Amino acid sequence: MSQAEGTGSNESDDAVFKALANPTRRRILDLLRAQPRTTGEVCDAFPDLDRTTVLQHIRVLEGAELVTGRKDGRTRVLALAPLPIKRIHDRWIGEYTRAAVGLLAQLDEDSPR
């Protein structure tokens, strides 16, 4: 992998982690995981926040490529884009899970019976 590819990947990962760090953005992703929704439906799901704030959160999610939007007539439909989360899982979580399972297996082998 070239340094440019690594830098781009790191920047993409940073954007995903930043987006996932906020509980409101995670709740938006949870909504979209169930089904695509219009921007208005997402805003309505957060009555404690004004529309501008919800739209800012959506822009962060789109910037991290976690959400895609398409026009459907006069409305905009948002959908979850799971590939960045899978990339994070494969790179970070999957590797650590394999290491942890290996350590547990070693402990099991080393324990007296």
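Residues numbered from 1 in each chain as written. Predicted model: local features only at pLDDT ≥ 70, side-chain atom pairs only at ≥ 80, totals over all residues. Heavy atoms only, no water.

An unreviewed UniProt entry lists the protein chain under the name DNA-binding transcriptional regulator, ArsR family, from Brevibacterium siliguriense.

Across the sheet, 3 strands lie side by side as S1-S3-S2; this open sheet has antiparallel pairing. The two strands at the open ends of the sheet, each matched to only one other strand, are strand S1 (37–38) and strand S2 (67–72). Where S1 lies against strand S3 (residues 75–80), 2 bridges are found, and the strand directions are antiparallel. Looking across to S3, one finds that Arg37 is bridged to Leu78. Helix H2 (residues 23–34) contacts S1, S2 and S3 of the sheet and is inclined by roughly 95 degrees relative to S3. (Pairing = 2+ DSSP bridges. Helix = DSSP H or I, 4+ residues; strand = E, 2+ residues; numbered from the N terminus. Contact = heavy atoms within 4.5 Å. Axes fitted to C-alpha atoms, helices over the stretch in contact; angles between N-to-C directions.)

Another aspect to go through is the environment of Ala79. If you trace the backbone, Ala79 turns up in strand S3. Placed 46 residues apart in sequence, Ala79 and Arg33 show a C-alpha to C-alpha distance of 7.7 Å. What Ala79 contacts, discounting residues up to four positions off in sequence, is Leu32, Pro36, Leu66, Val67 and Thr68.

A positive phi angle, near 60 degrees, is found at Glu65, a position not held by glycine. Structurally, the position occupied by Glu65 is in the loop between helix H4 (51–63) and S2.

All right, on to H4 then. An ideal rise of 1.5 Å per residue puts 18 Å on 13 residues; H4 measures up with 18 Å between its terminal C-alpha atoms. Structurally, the start of H4 carries an N-cap: the backbone nitrogen of Thr52 is 3.1 Å from a side-chain oxygen of Asp50. Positive phi shows up at Glu65, right after H4, with a value of about 60 degrees. (Expected span 1.5 Å × (residues − 1). Polar contact = N/O pair within 3.5 Å; in protein donor to acceptor, adjacent residues only side chain to side chain.)

According to the stated counting rule, one finds 4 salt bridges in the structure shown. In this structure, the salt-bridge partner of Glu62 is Arg76, at a minimum N-O distance of 2.2 Å. Of this pair, Glu62 sits in helix H4 while Arg76 sits in strand S3, and the two are 14 residues apart along the sequence. Between Lys86 and Asp90 there is a salt bridge, with the nearest N and O atoms lying 2.5 Å from each other. (Salt bridge = Lys/Arg side-chain N within 4 Å of Asp/Glu carboxyl O.)

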